[in-house]
Amino acid sequence: MINERTIIDNITVLEDGQIQVRRADIIERDGVEIARNFHRHVISPGQDISGEDEKVRRVAGAIHTKTVVDAFREAVLARIEL
Amino acid sequence: MAINVTPIPKLSAFAVPTITFGTAAAGTAPTVIRSDATISGAVTAQTSVDDAIARYNGTAGQIQGYTSNSPTISDAGVFTLPAGQIVFPATQNASTGATTLDDFEQGLFTPVLWDNDNNSSKGQGYTAQLGRYQKVGRIVTIQFTMAVSDLGTLVTSQYAKVGGLPYPSLAGTNNYATIFCGYGDSLALSSAGDTVGGFVELNASYIGLREWTATGGVGGFLISNYSVNGMVMMGATYEAAA
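A brief structural summary. Note that the structure is predicted; figures quoted are calculated from it, not measured.

The rules behind these values
- Residues numbered from 1 in each chain as written.
- Chains lettered and ligands numbered in written order.
- Predicted model: local features only at pLDDT ≥ 70, side-chain atom pairs only at ≥ 80, totals over all residues.
- Heavy atoms only, no water.
- Helix = DSSP H or I, 4+ residues; strand = E, 2+ residues; numbered from the N terminus.
- Rg over C-alpha atoms; globule rule 2.2 N^0.38 Å.
- Buried < 20%, exposed > 50% of the residue type's maximum accessible area, 1.4 Å probe, protein only.
- Contact = heavy atoms within 4.5 Å.
- Areas by Shrake-Rupley, 256 points an atom, 1.4 Å probe, with all protein chains shown as cover.
- Lys, Arg positive; Asp, Glu negative; His and termini not counted.
- Charge placed at Lys NZ, Arg CZ, Asp CG, Glu CD.
- Patch = residues over 30% accessible without salt bridge, like charges linked within 9 Å, V, L, I, M, F, W, Y side chains within 5 Å.
- Salt bridge = Lys/Arg side-chain N within 4 Å of Asp/Glu carboxyl O.
- Polar contact = N/O pair within 3.5 Å; in protein donor to acceptor, adjacent residues only side chain to side chain.
- Nonpolar A, V, L, I, M, F, W, Y, C, P; charged D, E, K, R; others polar.

Points about the overall build of chain A
Inference 1: When its secondary structure is counted, chain A shows 2 helices and 3 strands.
Inference 2: Its helices and strands taken in sequence order, chain A reads β-β-β-α-α from the N to the C terminus.
Inference 3: Since a compact globule built from 82 residues should have a radius of gyration of about 12 Å, the 16 Å found for chain A marks it as more spread out than a globular shape.
Inference 4: Overall, chain A is about 55 × 30 × 20 Å in size when its C-alpha atoms are taken along their principal axes.
Inference 5: Counting every position in chain A, which comprises 82 residues, the buried fraction comes to 33%.
Inference 6: Excluding contacts between residues fewer than 6 apart, the proportion of contacts in chain A whose partners are at least 24 apart in sequence is 37%.
Inference 7: For chain A, the exposed area adds up to about 5000 Å²; of that, 53% sits on carbon and sulfur atoms.
Inference 8: Once the 12 positive and 15 negative side-chain charges of chain A are each reduced to a mean point, those two points are 2 Å apart.

Some remarks on a nonpolar patch on the surface
Inference 1: There is a patch of nonpolar side chains on the surface, built from B:I53, B:I73, B:F79, B:L81 and B:I86 and spanning about 430 Å² of accessible area.
Inference 2: Checked against the element boundaries, B:I86 lands in the loop between β7 (79-80) and β8 (104-109).

What about the interface of chain B and chain A?
Inference 1: Facing the 28 residues of chain B at the interface are 17 residues of chain A.
Inference 2: At the boundary of chain B with chain A, the tally comes to 3 salt bridges.
Inference 3: Linking B:E105 and A:R40 is a salt bridge whose minimum nitrogen-to-oxygen distance equals 2.7 Å.
Inference 4: Summed over the shared surface of chain B and chain A, the result is 14 residue pairs in polar contact (both at pLDDT 80 or more).
Inference 5: The element that contributes the greatest number of residues to the side of chain B that touches chain A is β8(B), accounting for 5 residues.
Inference 6: Considered class by class, the residues forming the side of chain B that touches chain A number 16 nonpolar, 9 polar and 3 charged.

The following block contains the structure:
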């Protein structure tokens, strides 16, 4: 029997609070994994997380404090706009 | 078989420490290994070739014999994989070494059209939205196709960005990586002959799009220039933060 499932298999928090999220799309045959494909995206401090996986939302909720969000925004504003 | 160890300190006045294997039959001497003995060829696999790497089979300590799939290391340090793969950890074991390869991964990402809000949930609609990436060390190579069917509430007078990149880029002044645009359709460029360019923003996971509108260089590429039904095929190579 072929079964497909999706998990968030890797969440990496960078020093400035950006969160790298990796989703694994797994295909199994008779319970044995035969393929695993990755999908990635990044969540910046202050970014909308309403559509994220619950695990990701919990991590972002803990990491993206007002201090972290404000510091990230300041760093963005300090960049030279091209 | 009994093993008797005679731990006698090596002093000039005493005998060399020895290990004795077994009990000798009448008329024969037991096998004795002196501590100053040189053992050669005592540990062997059933089969081997020159430069083969010794590895264990199971947990009993038995050395695995060589097969045609086995890797080798030459006397010059050349590592050869006749079959198999190199698998990196699921989570990067990041290194700062300039000659250390510490990561490989490939997968998909979903490009999204952003205005200044960097928000994917402003009612944007797409008829094509596929990105692929490969990361080798800190170098990320991406390619994507994005065709927009609905601009939603994106502000048409603001610069167009492509969000959703798989990794944030490296920070630091002037560490910009440029993108290339090889195909476009149903865009609303300022004038025919202009080309679309852009760059990966510093310490960010999006691309700032620009249009070559002047003899001196680029101008803004706005949401209105992307326009409803606008489609691009783009790629970039940039350095990730780790």
